[in-house]
Amino acid sequence: MEKKRYLVHCLTWTVAATSLLVVPFSSASAAATSPSPSPGSESTPGTSASPALGSTESSGELENVSDAMAEVLDLKHSTSSGLTVLTVRITNTGTENIHANNFANPVYDYRHTHLSGVTLLDESSQIRHHPLIDAETNCLCSGYVSLSPYDPLIEPNQSVDYWTTYRTPSDTASFTVEIPGFDPIENVPVG
């Protein structure tokens, strides 16, 4: 039974990794915009390789995310895999560290909660898409189980790029991006 679970887990990650290769990430998520100790995950606030598709300030709903900004860097859908990958940049404009646990999903039980609460809302159908989950209940998003560099702490005056993966309809032209602790980012176009 344990061997079967392991094989399902490996197969799930293989399929997810292969599918993610089909969905191109933005240049902003693939490389840092300034030198940093963790390549591919950090950048200097206010700099971006390409313009953001939308941005918002923290809403004040979460005490630990009171001084921050979120930008959508990329939202790509792959018709071959049916997967949509969202890349966001969180910038800490405050004086205290922000942990990625603050963006946890309050609805579904993910093994590692980082970024699992970042959702895509289809305004026309009123369907909210939560990040995909694998057989081991891990979020298919930036986190401890992802293969790319990951920084769970956003220090003051630092920006960190994160990604999340969804299964969405191919005919949806835009989504409202919902990040816990931030006002919604409406009408983000799907590329």
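Our subject is the structure that appears above.
Residues numbered from 1 in each chain as written. Predicted model: local features only at pLDDT ≥ 70, side-chain atom pairs only at ≥ 80, totals over all residues. Heavy atoms only, no water.

## A look at the overall build of the chain
Here is the rule we go by: In this description a helix means any DSSP run of H or I spanning at least four residues, a strand means any run of E spanning at least two, and both kinds are numbered starting from the N terminus. Only protein chains enter the accessibility calculation, which uses a 1.4 Å probe; a residue is then buried when its area is under 20% of its type maximum, exposed when over 50%, and partly exposed in between. Contact criterion: two residues are considered in contact whenever any of their non-hydrogen atoms come within 4.5 Å of each other. Surface accessibility follows the Shrake-Rupley procedure with a 1.4 Å probe radius. Residue values consider only the protein chains on display as shielding.
Broken down by element type, the chain carries two helices and eleven strands. When each of the 191 residues of the chain is scored for burial, the buried share is 48%. In the chain, once contacts between residues fewer than 6 apart in sequence are set aside, the share between residues at least 24 apart is 62%. Of the roughly 9400 Å² that the chain leaves accessible, carbon and sulfur atoms contribute 54%.

## As for the state of the cysteines
So the rule is basically this: Whenever a pair of cysteine sulfur atoms sits within 2.5 Å, that pair is classed as a disulfide.
For the structure shown, the criterion picks out one disulfide. Through a disulfide, Cys139 is tied to Cys141; the S-S separation comes to 2.2 Å. Here Cys139 matches Cys141 in class, with each residue buried.

## A short note on the nonpolar core
We count it as follows: Throughout this description, the term nonpolar core refers to a set of buried Ala, Val, Leu, Ile, Met, Phe, Trp, Tyr and Cys residues connected via side-chain atoms within 4.5 Å.
With 28 residues, the main nonpolar core has Leu86, Ile90, Phe103, Tyr162, Val177 and Ile179 as its most contacted residues. Taken together, the elements giving at least two residues each to this core come down to β3 (68-77), β4 (83-92), β9 (159-167), β10 (174-178) and β11 (185-189). Examining the composition of this core, we find that four residues originate from one element, β3, more than from any other. Discounting residues that sit within four places of it in the chain, Val177 has contacts with Val72, Leu86, Val118, Thr119, Leu120, Pro184, Ile185 and Val188.

## Details of the sheet that holds strand β7 (residues 127-129)
The test is simple: A pair of strands is labelled paired if DSSP reports no fewer than 2 bridges between them. Axis definition: a line fitted to C-alpha atoms, limited for helices to the stretch in contact. Angles are taken between N-to-C directions and run from 0 to 180 degrees.
Strands sit in the order β7-β6-β10-β11 across an open sheet of four strands; the sheet is antiparallel. The open sheet has two edge strands, β7 and β11, and neither has a second partner. Taken pair by pair, the neighbouring strands of this sheet meet at an average axis angle of 35°, ignoring direction. Where strand β6 (residues 119-122) lies against β7, three bridges are found, and the strand directions are antiparallel. Bridged to Leu120 within β7 is His129.

## A short note on the pairing of β4
Counting buried positions over the ten residues of β4 gives ten, a clear majority of the element. Two elements, β4 and β9, share nine bridges in a ladder whose sense is antiparallel. Across the sheet, residue Arg89 finds its bridge partner in β9, namely Asp161.

## Observations concerning the environment of Asn97
Structurally, Asn97 can be placed in the loop between β4 and β5 (98-99). Contact partners of Asn97, with chain neighbours within four places excluded, come to Asn92, Leu153, Ile154, Glu155 and Pro156.

## Some points on the pattern of salt bridges
How we decide: Any Lys or Arg side-chain nitrogen found within 4 Å of a carboxyl oxygen on Asp or Glu counts as a salt bridge.
Scanning the entire structure with this criterion turns up two salt bridges. Linking Arg128 and Glu178 is a salt bridge whose minimum nitrogen-to-oxygen distance equals 2.6 Å. In this pair, Arg128 is assigned in strand β7 and Glu178 in strand β10, connecting sequence segments 50 residues apart. Since its relative accessible area comes to 17%, Glu178 is described here as buried.

## What to know about the pairing of β3
For β3, a buried count of eight out of ten residues is recorded, marking the element as mostly surrounded by other parts of the structure. Here four bridges tie strand β2 (residues 54-57) to β3, and the two strands are oriented antiparallel to one another. From the neighbouring strand, Thr56 faces β3, where its bridge partner is Ala70. Hairpin connection between β3 and β4: a loop of five residues separates the two successive antiparallel strands, and Gly82 in this loop has a positive phi of roughly 80°.

## Some words on unusual backbone geometry
Positioned with a positive phi, Gln126 is a non-glycine residue whose angle comes to about 60°. Mapped onto the elements, Gln126 comes out in the loop between β6 and β7. For Gln126, a relative accessible area of 52% gives the class exposed. Phi is positive for Asn187, which is not a glycine, with a value near 55°. Mapped onto the elements, Asn187 comes out in strand β11. Classification of Asn187 as exposed rests on a relative accessible area of 57%.

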